[in-house]
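Here is what each chain is made of, one letter per residue.
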Amino acid sequence: MVQIERLPHPDYLKYPTHRTLGFFTSQEQARNAAQAIVREGWLEGDLHVFEGPYGVDAVDADGSRHTLKEAWGRWVQKFLGTGEWDLVEEADQELRKGHLLLSVATKNEEEKYTVAELMVLNGGHGIRYVDPLYNEELTPPGHHPS
């Protein structure tokens, strides 16, 4: 059984290249999604969790909790108004509501759709795939968090 507490909790949300990300309103939903993803063949180390005050610090939307380079990176994201900034801003808001962000390494089209489907089936919302050149929304139209 996958335990959210034992999954990697990075201390900074870097640009999540080749990752599929989704938000969950409860730890139970995130755990169920993580278990389903691991059953499909991913390793627990392929999953990253951002939650609570530690997750808010890791997202660091205002760029004040990390190095000057990382603060500059957040400023550039915000200034350019990129999809990357949209993710940072949404992650900050979601985590402050007590929700969780689950990020999964996905290296191809099949994997990103598999992970997105498992996230949706387990209550995920705001699901997206992040590539070096773009962010792709994967949440089905009209899907609302449960």
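Preceding this section is the structure that the text describes.
Okay, so let's go over this structure. Being a predicted model, the structure only gives us computed values, none of them experimental.

### Overview of the side chain of His-125
Within the element layout of this structure, His-125 appears in strand 4 (residues 125-130). Here the side chain of His-125 touches Glu-94 through a polar contact of 3.1 Å, side chain to side chain.

### Structural notes on the sheet that holds strand 2 (residues 47-51)
Within a sheet, adjacent strands bond to each other through the backbone by hydrogen bonds, running parallel or antiparallel. Spatially, the five strands line up as an open sheet ordered 2-3-1-4-5, and their pairing is antiparallel. The sheet terminates laterally at strand 2 and strand 5 (135-137), the two strands that pair on one side only. With direction set aside, neighbouring strand axes in the sheet form an average angle of 20°. Sheet topology note: the strand 2/strand 3 (residues 100-105) ladder contains five bridges and is antiparallel. What sits directly across from His-48, in strand 3, is Ser-103. Sitting on the sheet, helix 1 (residues 27-39) touches strand 1 (19-24), strand 2 and strand 3, and the angle it makes with strand 3 is about 10°.

Calculation criteria
Every chain's residues receive numbers from 1 upward, in the order its sequence appears when written. In view of the model being predicted, local features appear only for residues whose pLDDT reaches at least 70, and side-chain atom pairs are presented and counted only at 80 or more, with totals across whole chains, interfaces and linings using the full set of residues. For the side-chain quantities, the full set of heavy atoms in the structure was used; hydrogens and water were omitted. Only DSSP runs of H or I with at least four residues qualify as helices, and only runs of E with at least two residues qualify as strands; both kinds are numbered from the N terminus onward. Whenever a nitrogen or oxygen atom comes within 3.5 Å of another N or O atom, the pair is scored as a polar contact, on the condition that within protein one atom can donate a hydrogen and the other can accept it, and that pairs from neighbouring residues in sequence are kept only if both atoms are in side chains. By the convention used here, strands pair only if DSSP detects at least 2 bridges between them. Think of each axis as a best-fit line through the C-alpha atoms, taken over the contacting stretch in the case of a helix, with angles from 0 to 180 degrees between the N-to-C directions. Contacts: residue pairs with any heavy atoms within 4.5 Å of one another.

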